[in-house]
Structures are given as structure tokens and as C-alpha cells.
Amino acid sequence: MEGNGNTPDRRRAALALLAVVAVALALRGWGFGERSIWYDEGVTLTLADALTSPLDTLNIDKTTDPPLNTLLAVVPNRVIGPWLGLDRATRAHDMLIHAFPLAFSVAAVALAFACFRRFFGPGAAFGGALLCASTPYQIMYAHEFRPYAGMLLLAMATWYFLLRALEENRPRWWAAYALTGALGFYNHFFASWILLTLALTGGWAVLFRRELFKPWFLANAAAGVLILPMLLHTSQVGRLLNSITNIYTIRPGAKHLLITFKTFLAGFTDRREVYWPLLAVALALFLLGLWSLRRDPRRAGMLLILVVFPVAANLVLWQFPRVPYYEVRQFLFAGAVFCGGVALGVAALPRRSLRAAAWTALLALMGVAVADQHAQRIHPLDAHLMGVRYKPDNRAAARRIADGFQEGDRVLHASHFTLLPLRHYLHGRDIPQQCIYGDPGELEGFLGSLPNPKLWEFFKAMPVPVDEALAGARRVWYVESWWEHTHRPPHVLALRDRILKSGHLLTYAPFDGGLLLLVERASD
């Protein structure tokens, strides 16, 4: 891990950096703005509309997320979008929203190149950054207005500052490491794992240079002090999450370790003929890269901690709590470093022909996975998705409603999965929307998924009985989608049947991932 500011090939490195940034931008720009916002983004954007004070972002009766991403959402929602006069239910406004995570993701690829060059050396820097730029796993979160692209960017910045601090032992690098590490925690709770992983990585390096112990300890202590307000917020959110009775998350098993590493390069494609060969090749190359560091135990140990520790520790941790939160999106940083380890393995192959074959296999298989990600061809089993959802075209549904809405109409949703995104798209149009249920047990299940009625009331998302929602309506727009993209549960089909029987069907309009009905009501 030696600095390379005086190397004679700086121009070559700059060209390589420009190349990987261009690839990252091109792949993330493919279909930019095509995908509409989905439920999680709808939560963030709806909250940004409702903010009356920055302190609202720390109120668990209004949000369970850290504050940074919500505050960022104010910029497109309430500043740039209105200034440009953009209609929210348009692709242009979605492009504005998604420009932020796209920029963060591309910047993270650039920082990955800088980190890999310092940590692995120039031989693996370009290849590792190219894999980061090309993997559908990273591309997916570059198209989502959630904290994840920002989390990766802050993680890469924190790692870069740690590497500089370990090399030069200057106070400015230790201070930057502490500040960015703490800032990540204000962006997402998952950053606690990144901060812990990097602290352990630095601790391992300190074993080889004992004079670094004091600044390493002080920097991590400073980061710990800076995150104290968020630790309080985290404890409140943790108590709320532990009260969940309708558990919808996956308790991971040994197979999830392999699935997680499969995801790092293959993303969420359902093609077994792609993701298992890609996993086999990538793991073999990563192990070869690790083996190439056998004479450098400092770097080898750091690489193992960065990639293996967060995945293995989470796998063990979530065996015990009643509500497991093993979600693959928290491993974006580990997945990026894994890319560098794979590239190091390619560089360690003894012949050029072998290296060419390895790159051909990796990029060809990843190309299929990238195309699947663009088309939303995702695995049907939740065990392979771990928190990932098919994203319905909520914008198309909202546009249809906005164009055909008449006075006296109501919009009813089978679930809040579509309610909050359409609340965003139809903001300011005075179009009443409600989430409905048929049986009281459905309401119990709804509240069991997040037992905080005040939060649901704040979002105006508390479901109401279908008969109450229908009473007095002249026409009803019924929006139907569901969390699992392959089927609708029986109670949702029963809701649809109840809506159809309440009047005369005027419009039957399937949209990607959902269904929109317009029913003219019979007299009550």
C-alpha cells in the first residue's frame, strides 16, 4: 500500500480512470429515467414533501430512516423541480430525482479506482473499477433514490482516507476518515457495518505498525462520538422493528453466503446458467488474488476483513433476533472490494491468454446479467432477492389517472406498495387516495408489519374498509400491485372482485407490474 503520486504513468492512470468512469456512466445512463419510482422511494419523497422541520427526520412517528437522504430529496421535490416547472408524473422529473444516485454511483466507481490503485496496485485498479462499473448489482442502486449509492460513495471515501492515513499518518487523513465514516451513519444505519469493518481493517494494519495505534484509536473514538445522536435514533428504531409480528424478511442460511457473493457480479438475474458459472469463476479468481498476497499478510488480512467479515458476521448475527434483517443491499461496499480482489486474481494469472479468457468469461456473463437488470428480469425466489422487489410502472398508472380523473372520483389501492409512489406522482392535484382492506385480519397483518399507527397516519396510509372507501364515490380507480412480483395473494384478488361488483367496469388497464381499473359505481 504505497502512495503512487510520483509514478511516471500518471497520464496513463488518468486515461484509465476516464475510461472506467465513461463505462460506468454509459451503463447507468442506459434507460435513464425509464424506471418509475417504487415504494421505498415513495416513502422518502413523500416525507420530503411533508417536512416542516429538519427535526422531523429524527421523529420515529414520521420516519424510521436516517436523515440525509430525506433532506436530499427536498432538493428535487421542492426546489429544482418546481423551479424548472416539471410535472412530477413525467420521465423528466424522474430523471431529475435519479440524477442524484447516478452521480453518486459514478463517483463511487472513480473512488474505487483510486482505492484499488493504492491497495492492489495499478495492475488491478482498472480491472477492479471496470467490474464495479459493469456489475448489475451496483447499477441497480444507481437508479434508486435511496441511501445506497450514497452509502457506497461515503464508504469508498472513508476507505480512501484510511489508506492515506495508514500510509502517511497525517492528522488530516485521520480526521477525514472519522468524519466521512460518521457521516455515512447519518445516511443509513447499514453504514455501521462499514465503519466497523474499516475500523477492524485499520486495526489489523496497526498490528504491523504499532506507532499507528494512537491515531487509529483516536480517529475511531472521534467517529464514535460523532455518531452518538444517530445511535439514540437507531435504538428507538430498533425497538420498533423488534415489535414486528408479521415477519416478512429472510432468516439467512449457509446458502445465502454463496447467494450474496453470486449477487456481487451477477445481480438478481434468474438465469442459473449465468449466475452459477459467474460465481464459480469470480470466487476462483478472488481466491487466486488472495493467494497472490500470501507474502503480504497485512494486505491479505485487510482484504479478507473488507470482503468476508461483513457478510459472515451478518449471517451469524441474524440467526438470533426474532426479526432478521439480512439484506443484500447492505453489502455494496464489500461487493465493490470483491471486484478489486477478482481483478487482482486475473492479474495473477501467469499467461496473457488466460487473462484474456478470464476477462472474456466475466464480461460476457455480466453482460447478460446487466441486460436482465435493465429488463427487470429478476429471480422469482425471495431467498435470492433478500429485500429486492420488482418495481411497477407507477408513473404510467399515475399518468392514466391524472388524464382521466373527474370530480367525485376516488383512487383506491390494494396496498401501500403503490399508494405512496402515486401520492408523489399526483402531488398537488387534489386527488383523494386511500389504501383499502376487506377483512379485519388484513389490517392486523398490515400493522404487524410495522407497528406504528402514528407513522401510518402521518403518511395518510392507514388502510380503511373497502365498503367505507366506496361509499359515496361516483367512480373508483383501483390500483393493484403486490410485493411479490409473480402472484397476488387471495385477499387482493377478493378486493378486486369486490370493486368490480360495486359497479360497471369502464377501464381495464394492465401496466408493468400492476393493474388499473376504472369502475363506475352503481347507486349506493
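The structure under discussion appears in the preceding block.
Quick caveat, the model's predicted, so the values are computed rather than measured.

Thresholds applied
- Residues numbered from 1 in each chain as written.
- Predicted model: local features only at pLDDT ≥ 70, side-chain atom pairs only at ≥ 80, totals over all residues.
- Heavy atoms only, no water.
- Helix = DSSP H or I, 4+ residues; strand = E, 2+ residues; numbered from the N terminus.
- Rg over C-alpha atoms; globule rule 2.2 N^0.38 Å.
- Buried < 20%, exposed > 50% of the residue type's maximum accessible area, 1.4 Å probe, protein only.
- Contact = heavy atoms within 4.5 Å.
- Areas by Shrake-Rupley, 256 points an atom, 1.4 Å probe, with all protein chains shown as cover.
- Core = buried A, V, L, I, M, F, W, Y, C linked by side-chain atoms within 4.5 Å.
- Polar contact = N/O pair within 3.5 Å; in protein donor to acceptor, adjacent residues only side chain to side chain.
- Salt bridge = Lys/Arg side-chain N within 4 Å of Asp/Glu carboxyl O.
- Patch = residues over 30% accessible without salt bridge, like charges linked within 9 Å, V, L, I, M, F, W, Y side chains within 5 Å.
- Phe/Tyr/Trp six-rings, centres within 6.5 Å; stacked < 30°, edge-to-face > 60°.
- Lys NZ or Arg CZ within 6 Å of the ring centre and 35° of its normal.
- Pairing = 2+ DSSP bridges.
- Right-handed = clockwise from strand over helix to strand, strands pointing away.
- Axes fitted to C-alpha atoms, helices over the stretch in contact; angles between N-to-C directions.
- Parallel < 35°, antiparallel > 145°, perpendicular 65-115°, else oblique.
- Left-handed = near helix turned anticlockwise from the far one by under 90°.
- Nonpolar A, V, L, I, M, F, W, Y, C, P; charged D, E, K, R; others polar.
- Expected span 1.5 Å × (residues − 1).

Caption draft 1: Looking closely at the overall build of the protein chain. Scanning the protein chain for helices and strands turns up 23 helices and six strands. The globule rule puts the C-alpha radius of gyration for 524 residues at 24 Å, and the 24 Å found for the protein chain is close to it. Looking at the 524 residues of the protein chain, the share that counts as buried comes to 56%. In the protein chain, the share of contacts with a sequence separation of at least 24, taken over all contacts with a separation of at least 6, comes to 77%. Accessible surface, the protein chain as shown: approximately 21300 Å² in total, 63% of it carbon and sulfur.

Caption draft 2: A look at the nonpolar core. Core analysis: the biggest nonpolar cluster contains 102 residues, and Tyr-141, Trp-159, Trp-174, Phe-268, Leu-303, Phe-333 and Phe-338 have the highest contact counts within it. Counting 34 residues, the second largest nonpolar core, distinct from the first, contains Leu-51, Phe-417, Phe-459 and Val-519.

Caption draft 3: Inspection of unusual backbone geometry at higher detail. Phi at Asn-169 is positive, roughly 55°, even though this residue is not glycine. One non-glycine residue, Asp-430, lies in the positive phi region at around 55°. In this fold, Asp-430 is placed in the loop between α19 (416–425) and β2 (433–437).

Caption draft 4: View of the side chain of Glu-167. Its location among the elements puts Glu-167 in helix α7 (residues 148–168). Only 2.7 Å separates the side chain of Glu-167 from the side chain of Arg-118, close enough to count as a polar contact.

Caption draft 5: Fine view of the pattern of salt bridges. Taken as a whole and judged by the stated rule, the model has 24 salt bridges. Taking the shortest distance from any N to any O, the salt bridge between Arg-395 and Asp-94 comes out at 2.5 Å. A residue pair is termed long-range when its members are at least 10 positions apart, and Arg-395 in helix α18 (residues 394–404) and Asp-94 in helix α4 (residues 91–119) qualify at 301 residues. Looking at Arg-395, the relative accessible area reads 12%, which means it is buried. The structure contains a network of salt bridges with shared partners spanning Asp-87, Arg-399, Asp-403 and Arg-429.

Caption draft 6: Quick peek at a nonpolar patch on the surface. Side chains of Trp-204, Leu-207 and Phe-208 sit close together on the surface and give an oily, nonpolar patch of about 280 Å² of accessible area. By the element assignment, Trp-204 lies in helix α9 (residues 191–206).

Caption draft 7: Spotlight on the packing of aromatic side chains. Following the criterion strictly, the structure yields 32 aromatic pairs and no others. Seen from their ring centres, Trp-204 and Phe-208 are 5.6 Å apart, and the 65° between their planes marks the pair as edge-to-face. The class for Trp-204 is partly exposed, based on a relative accessible area of 30%. Ring-pair connections join several aromatic residues into one group, and the members of that group are Tyr-137, Tyr-141, Tyr-148, Phe-261, Phe-264, Phe-268, Phe-286 and Phe-338. When the ring centre of Tyr-275 is taken as reference, the NZ or CZ atom of Lys-262 above it lies at 4.5 Å.

Caption draft 8: Spatial organisation of the pairing of strand β1 (residues 409–413). Of all five residues that make up β1, four are buried, and the element is covered over most of its length. Two elements, β1 and strand β4 (residues 475–480), share five bridges in a ladder whose sense is parallel. The residue of β4 that forms the bridge with Arg-410 is Val-476. The pairing of β1 with β2 spans three bridges and is classified as parallel. Opposite Val-411, over in β2, you have Gln-433 as the bridge partner. Regarding topology, α19 serves as the crossover connection from β1 to the parallel β2, and that connection is right-handed.

Caption draft 9: Molecular detail of the packing of helix α12 (residues 254–266) against helix α15 (residues 332–348). Look at α12 against α15: their axes get within 9 Å of each other, and the N-to-C directions meet at 70°. Classified by the interaxial angle, the pair formed by α12 and α15 is roughly perpendicular. The way α12 lies across α15 gives a crossing that is right-handed. Side by side, α12 and α15 meet where Phe-261, Phe-264 and Leu-265 of the first sit next to Ala-334, Gly-335, Phe-338 and Cys-339 of the second. Looking at the contact of α12 with α15 residue by residue, the classes come out as six nonpolar, one polar and no charged.

Caption draft 10: Broad picture of helix α3 (residues 67–84). Its 18 residues give α3 an end-to-end C-alpha distance of 25 Å, which sits within 8% of 26 Å, the value for a rise of 1.5 Å per residue. Along α3, the residues classified as buried are Pro-67, Asn-69, Thr-70, Ala-73, Pro-76, Asn-77 and Gly-81. On its buried face, α3 is in contact with α2 (39–50), α4, α8 (171–187), α11 (228–242) and α19. Following α3 by one or two positions, Gly-85 has its phi on the positive side, about 70°.

Caption draft 11: The arrangement of the pairing of strand β6 (residues 514–521) in detail. Most of β6 is tucked away: seven of the eight residues are buried. Strand direction decides the pairing type here: β4 and β6, joined by six bridges, are antiparallel. Bridge pairing links Glu-480 to Leu-515 in β6. In this structure, strand β5 (residues 503–511) lies alongside β6, joined through eight bridges in antiparallel fashion. Following the sheet pairing, Tyr-508 is matched in β6 by Leu-517.

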